[in-house]
Amino acid sequence: GVDVDAIVATAAAELEAQMAGQDDNDNDNDNDDEEQEEQDGDTPHLPCIHTLNKIMHALLRVITRQQQRRWQPLPRRSLSDFSTDAAFAAGDMVIARECARGGKSALIGPLTLTGHYATRRGVLHHSDILGRHTRDRIPARTSQASSGGTFMVHHPTLGEYTELSARARTPVYAKDAAAILGLLDVAPGERVLEAGTGNGALTLYLARAVGSHGLVDTVERSAAASQHAQHLVAGFRRAQFAPQVRFHVGSVDAVVQQLAEPHRESQGFPRDNLVAPLFSGAVLDLPTPWTVLPHVYRVLCTDRFVVCYLPSMSQVMELVRACAPWPLLVEDVVEVVWRRWDVRAAVVRNPEPKSTALEEAPPMVCRPTHTPTGHTAFLVQLRKCAA
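Residues numbered from 1 in each chain as written. Predicted model: local features only at pLDDT ≥ 70, side-chain atom pairs only at ≥ 80, totals over all residues. Heavy atoms only, no water.

Across its full length, the chain carries twelve helices and 15 strands. For the chain, the residues scored as buried account for 36% of the 387 residues in total. In the chain, 65% of the contacts between residues at least 6 apart in sequence involve partners at least 24 apart. (Helix = DSSP H or I, 4+ residues; strand = E, 2+ residues; numbered from the N terminus. Buried < 20%, exposed > 50% of the residue type's maximum accessible area, 1.4 Å probe, protein only. Contact = heavy atoms within 4.5 Å.)

The topology assignment puts serine 280 in strand E10 (residues 279-284). The buried category is assigned to serine 280, whose relative accessible area is 15%. Setting aside residues no more than four positions away along its own chain, serine 280 makes contact with Glu190, Arg191, Leu300, Arg304 and Phe305.

Attention now moves to the nonpolar core. Tyr161, Ile180, Leu184, Leu202, Leu204, Leu206 and Leu379 are the most contacted members of the largest nonpolar core, which has 32 residues in total. Listed by contribution, the elements that provide at least two residues to this core are helix H5 (158-164), helix H6 (174-184), helix H7 (201-210), helix H8 (223-235) and strand E11 (300-310). A total of seven residues in this core trace back to one element, the largest contributor, which is H7. Not counting residues up to four positions away in its chain, the partners in contact with leucine 184 are Val192, Leu206, Gly281, Ala282, Val283, Arg304, Phe305 and Val307. (Core = buried A, V, L, I, M, F, W, Y, C linked by side-chain atoms within 4.5 Å.)

Moving on: a nonpolar patch on the surface. Side chains of Met313, Met317 and Val333 sit close together on the surface and give an oily, nonpolar patch of about 250 Å² of accessible area. Tracing the backbone through its elements, the reader meets methionine 313 in helix H11 (residues 313-322). (Patch = residues over 30% accessible without salt bridge, like charges linked within 9 Å, V, L, I, M, F, W, Y side chains within 5 Å. Areas by Shrake-Rupley, 256 points an atom, 1.4 Å probe, with all protein chains shown as cover. Salt bridge = Lys/Arg side-chain N within 4 Å of Asp/Glu carboxyl O.)

Next up on the list: the packing of aromatic side chains. Centre distance and the angle of the planes are the two values used to describe a pair of aromatic rings. In this structure the tally under the stated criterion is three aromatic pairs. Here tyrosine 161 and phenylalanine 236 contribute two aromatic rings whose centre-to-centre distance is 5.1 Å and whose plane-to-plane angle is 45°, an arrangement assigned as tilted. Remark: phenylalanine 236 occurs in the loop between H8 and strand E9 (245-249) and tyrosine 161 occurs in helix H5; sequence separation between them is 75 residues. Exposure class is identical for tyrosine 161 and phenylalanine 236. Each is buried. Taken together, Tyr161, Phe236 and Phe241 form an aromatic cluster joined through their ring pairs. One Lys or Arg, lysine 384, reaches over the ring of tyrosine 297 and ends 4.5 Å from the middle of that ring. (Phe/Tyr/Trp six-rings, centres within 6.5 Å; stacked < 30°, edge-to-face > 60°. Lys NZ or Arg CZ within 6 Å of the ring centre and 35° of its normal.)

A few words on the environment of glycine 131. Tracing the backbone through its elements, the reader meets glycine 131 in the loop between helix H4 (126-129) and strand E5 (137-139). What makes glycine 131 partly exposed here is its relative accessible area of 43%. With 41 residues separating them along the chain, glycine 131 and alanine 90 place their C-alpha atoms 9.0 Å apart. The residues touching glycine 131, leaving out its near neighbours within four places in the chain, are Ala87 and Phe88.

Next up on the list: the sheet that holds E10. The pairing of strands in a sheet happens through backbone hydrogen bonds and is either parallel or antiparallel. Spatially, the seven strands line up as an open sheet ordered E9-E8-E7-E10-E11-E15-E12, and their pairing is mixed. Strand pairing shows two members of the sheet lacking a second neighbour, E9 and strand E12 (328-335), which therefore form its edges. Averaged over all pairs of adjacent strands, the angle between their axes in this sheet comes to 15°, without regard to strand direction. Taken together, the five bridges between strand E8 (residues 215-220) and E9 define a ladder with parallel strand orientation. Bridge pairing links valine 219 to histidine 248 in E9. The sheet strands contacting H6 are strand E7 (191-195), E10, E11 and strand E15 (378-384), and the helix crosses E11 at an angle near 160°. (Pairing = 2+ DSSP bridges. Axes fitted to C-alpha atoms, helices over the stretch in contact; angles between N-to-C directions.)

Two strands pair when backbone bridges link them, and strand E3 (residues 116-119) and strand E4 (residues 122-125) are joined in this way by four bridges, in the antiparallel orientation. Each residue of the ladder has a partner; that of tyrosine 117, found in E4, is leucine 124. Hairpin connection between E3 and E4: a loop of two residues separates the two successive antiparallel strands.

The subject of this paragraph is the state of the cysteines. Scanning the entire structure with this criterion turns up zero disulfides. You can see cysteine 308 has no disulfide; the closest cysteine sulfur is in cysteine 323, sitting 7.0 Å from it. Look at cysteine 308 and you get buried, because its relative accessible area is 0%. For cysteine 323, a relative accessible area of 2% gives the class buried. (Disulfide = S-S within 2.5 Å.)

For the rest of this paragraph, the subject is unusual backbone geometry. Here the residue pair glycine 109 and proline 110 is connected by a cis peptide bond, since its omega of 0° sits within 30 degrees of zero. One can find proline 110 in the loop between strand E2 (105-108) and E3. Notably, alanine 239 is not glycine yet its phi reads approximately 60°, a positive angle. Looking at the element boundaries, alanine 239 is found in the loop between H8 and E9.

By the definition in use, this model includes 15 salt bridges. The salt bridge involving arginine 121 is made with glutamate 98; its shortest N-O contact spans 3.2 Å. One end of the pair, arginine 121, is in the loop between E3 and E4; the other, glutamate 98, is in strand E1 (residues 94-98), with 23 residues separating them in the sequence. Judged by relative accessible area, arginine 121 falls into the partly exposed class, the value being 39%. Salt-bridge contacts for arginine 141 lead to aspartate 128; the nearest nitrogen and oxygen are separated by 2.9 Å. With arginine 141 in the loop between E5 and strand E6 (150-154) and aspartate 128 in helix H4, this pair connects stretches of sequence that are 13 residues apart. By relative accessible area, which is 42% here, arginine 141 ends up partly exposed. On the basis of relative accessibility, which here comes to 21%, the residue aspartate 128 falls in the partly exposed class.

So this is what it looks like as structure tokens:
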């Protein structure tokens, strides 16, 4: 990923400029050396050790600057750019809703000048969306004489973005993410640990909750899953929340030890002190969270919370048994149920003539939707009771 030719060229230019002044001062003292070189003819002149050191330092400076530019986060976009008055620009993600009863929604982007998205009602070209505003209607193009469908575009919410984006793992849905944030009692400016990055959906919710002055350390064993999560975080609102997220690949115990050591030294804790409070909260999305509790407990602030995301009740019972030797109080066990309802005005096909009832109070449809919302997970809230 490093352009060696560009580095060498830049370093050579810097070295030449640096040594130009020195050569001018040394010209008067080098007459004897020039006469000796003329006598030597084509004998190659080997650079001295001092010159080689200068070359190496110049190369290292250029490589360091390139690496800093390479890992520099994307420019952050202000929240005002995502208001209803903001026009869509290249790189934006867009929700397109079909303007018809029962029409579906699609997540389109990042927008480019040549991109397009095929739907059952025609093709939506990115160039038709660029420069338009939220809630504008965009016609889909078709190859036939008949016109295609019409779609309304707007900026995606965080829930829409995480649920409609490509998945490497099953995401934490909005209903569970909101409950986790409530159970953690996380506030702007705090630092949170996430064990099990997964799809990266919960990472975005945590990053938004801690704000620009907070920090989320997220740990994932799979490098491929961590890379996918980084791509997901960077794709939402032009990486608006990416600066406050640090991705780690490895085991939870190794990463926690790596993070706790410099914190222990900076806070003046002795090296034999196993407790170094570092995080204001932790989320464990792991199949066996009880195996990492001793490591997470050491770096959690007193009277703060750990929330475990567990699909089955057998895991919940095992976790509760594992908490017995530790000063961890099981505060709550929650299952979030989300049920959508269909509430709208009814269409009366054969109204009775001269009926005033319909004019005063039109009939309504009020029933649960047919979309099933099954069980996702149990949320276990643990409180650290002692240091």
